[in-house]
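What follows is each chain in one-letter form.
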Amino acid sequence: MKDDALERLKAAFRSLPGIGPRSAQRIVSRILARDRDSAKALCQALDDALKSVKRCEICGRLCEGDICSICQDEKRDVTQICVVESDEDLEAIEATRNFNGRYFVLAGLIDPAFGTGAEELDFERLFEIVSQGIVKEVILATPFTPQGDATAHYLARFLKARNATIHVTRLSRGIPAGIELEYTDANTIANAIYARKEEL
Ligand SMILES: [Zn+2]
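Residues numbered from 1 in each chain as written. Predicted model: local features only at pLDDT ≥ 70, side-chain atom pairs only at ≥ 80, totals over all residues. Heavy atoms only, no water.

**Comments concerning the packing of aromatic side chains**
Next up, step 1: All chains considered together, the criterion is met by five aromatic pairs.
Next up, step 2: Between Phe99 and Tyr103, the ring centres sit 5.2 Å apart and the planes meet at 65°, which makes this aromatic pair edge-to-face. Take Phe99 and Tyr103: they sit in the same class, and that class is buried.
Next up, step 3: In textbook terms, an aromatic cluster arises when at least three aromatic residues are bridged by ring pairs, as seen for Phe123, Phe127, Tyr154 and Phe158. (Phe/Tyr/Trp six-rings, centres within 6.5 Å; stacked < 30°, edge-to-face > 60°. Buried < 20%, exposed > 50% of the residue type's maximum accessible area, 1.4 Å probe, protein only.)

Put into structure tokens, the structure is as follows:
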């Protein structure tokens with residue numbers, strides 16, 4: 001097909017978050033017409049990352065190697081785990097410098113409307129960590145959306161079933177409903193961590 005490579009490249013950029021058709025066109029024009037060295041560097045960086053970056057075996061964060069730097073850091077408080085929807089949310093909480101525990105990155109959220117139940121999301125690894133008895137508090141940082149709420153309720157119930165003495169808290173509703181953590185400023189997130197409440 002004519003210009004097939006060009007169209008495939010534009011489609012690839014369009015599939016990325018936050019990039020619409022016009023931005024995709026602009027990026028493609030720029031890198032092919034004027035910036036071919038950067039395009040080659042981008043290809044190389046992407047190829048390297050695809051080979052070396054995977055999910056941390058403990059928390060699920062993207063990292064190079066088997067265990068991420070946070071899980072390896074002995075100064076982190078192992079009695080607290082913050083459960084997040086995505087790597088972006090994890091980095092947003094890290095940026096507040098207000099949380100010194102560890103994390104758990106979910107594989108997704110429970111979404112009854114799309115038929116995504118708990119069994120698809122493999123929460124078992126989180127339950128296993130909590131069953132070891134070291135963690136004293138699980139902070140649920142799932143978004144305030146129907147999916148985030150459903151996931152928080154499910155996790156609170158089953159985490160307490162695994163470990164009756166554990167505290168399960170959730171970020172306070174200072175985070176605007178429906179807004180992703182990654183788009184929330186550090187102060188607001190820090191306040192939401194500080195004012196977190198027991199999830200019943
Ligand atoms: Zn980790």
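There is more to say, and it comes next.
**Section: the nonpolar core**
Next up, step 1: With 22 residues, the main nonpolar core has Val83, Phe123, Leu126, Val138, Leu140, Leu155 and Leu159 as its most contacted residues.
Next up, step 2: For this core, the elements supplying multiple residues, two or more each, are strand 3 (77-84), helix 6 (118-121), helix 7 (124-131), strand 5 (137-140) and helix 8 (146-162).
Next up, step 3: Residues contacting Phe123, with those up to four places away along its chain left out, are Leu106, Ile110, Ala118, Thr151, Tyr154 and Leu155. (Core = buried A, V, L, I, M, F, W, Y, C linked by side-chain atoms within 4.5 Å. Helix = DSSP H or I, 4+ residues; strand = E, 2+ residues; numbered from the N terminus. Contact = heavy atoms within 4.5 Å.)

**Here's the deal with the sheet that holds strand 6 (residues 167-170)**
Next up, step 1: Taken in spatial order, the five strands make up an open sheet running 4-3-5-6-7, and their pairing is mixed. Both edges of this open sheet fall to strand 4 (101-105) and strand 7 (197-198), since each of them pairs with a single strand only.
Next up, step 2: By the bridge criterion, four bridges tie strand 3 to strand 5 in an arrangement that is parallel. Looking across to strand 5, one finds that Ile81 is bridged to Val138.
Next up, step 3: Helix 8 rests against strand 3, strand 5 and strand 6 of the sheet, and its axis sits at about 170° to strand 6. (Pairing = 2+ DSSP bridges. Axes fitted to C-alpha atoms, helices over the stretch in contact; angles between N-to-C directions.)

**Focus: the coordination of the zinc ion**
Next up, step 1: Every protein donor of the zinc ion is accounted for by Cys56 (SG), Cys59 (SG), Cys68 (SG) and Cys71 (SG), and the metal-donor separations fall at 2.3 Å.
Next up, step 2: One can describe the donor arrangement at the zinc ion as tetrahedral, given that its four donor atoms subtend angles of 106 to 116° at the metal.
Next up, step 3: Along the chain, the residues donating to the zinc ion are arranged with the sequence spacing C-x2-C-x8-C-x2-C.
Next up, step 4: Taking relative accessible area as the criterion, Cys68 reaches 0% and is therefore assigned buried. (Donors = N, O, S within 2.8 Å, 3.2 Å for Na, K, Ca; no water. Tetrahedral: all angles 85-135°; square planar, octahedral: opposite > 155°, others 65-115°.)

**A word on the confidence of the model for the protein chain**
Next up, step 1: Per-residue pLDDT for the protein chain averages 90, and the proportion of residues at 70 or more is 96%.
Next up, step 2: Of all helices and strands in the protein chain, the one with the weakest mean pLDDT is helix 9 (residues 186-194) (83), whereas strand 4 scores best (97). (pLDDT = per-residue confidence, 0-100.)

**So, the side chain of Glu199**
Next up, step 1: As for its position among the elements, Glu199 is in the segment after strand 7.
Next up, step 2: Buried within the structure, Glu199 lacks any salt-bridge partner; its nearest side chain of opposite charge belongs to Arg170, at an N-O separation of 4.5 Å.
Next up, step 3: Among the polar contacts made by the side chain of Glu199, one reaches the side chain of His153 at a distance of 3.0 Å.
Next up, step 4: Beyond its immediate sequence surroundings of up to four residues, Glu199 is in contact with Leu140, Ala152, His153, Ala156, Lys160, Val168, Thr169 and Arg170. (Lys, Arg positive; Asp, Glu negative; His and termini not counted. Salt bridge = Lys/Arg side-chain N within 4 Å of Asp/Glu carboxyl O. Polar contact = N/O pair within 3.5 Å; in protein donor to acceptor, adjacent residues only side chain to side chain.)

**Some points on the pairing of strand 4**
Next up, step 1: Counting buried positions along strand 4 gives five out of five residues, so the element sits mostly inside the fold.
Next up, step 2: Where strand 3 meets strand 4, five bridges bridge the pair, whose relative direction is parallel. Note on strand 4: the bridge partner recorded for Cys82 is Tyr103.
Next up, step 3: Taken together, strand 3, helix 5 (residues 87-96) and strand 4 constitute a β-α-β crossover, and its handedness is right-handed. (Right-handed = clockwise from strand over helix to strand, strands pointing away.)

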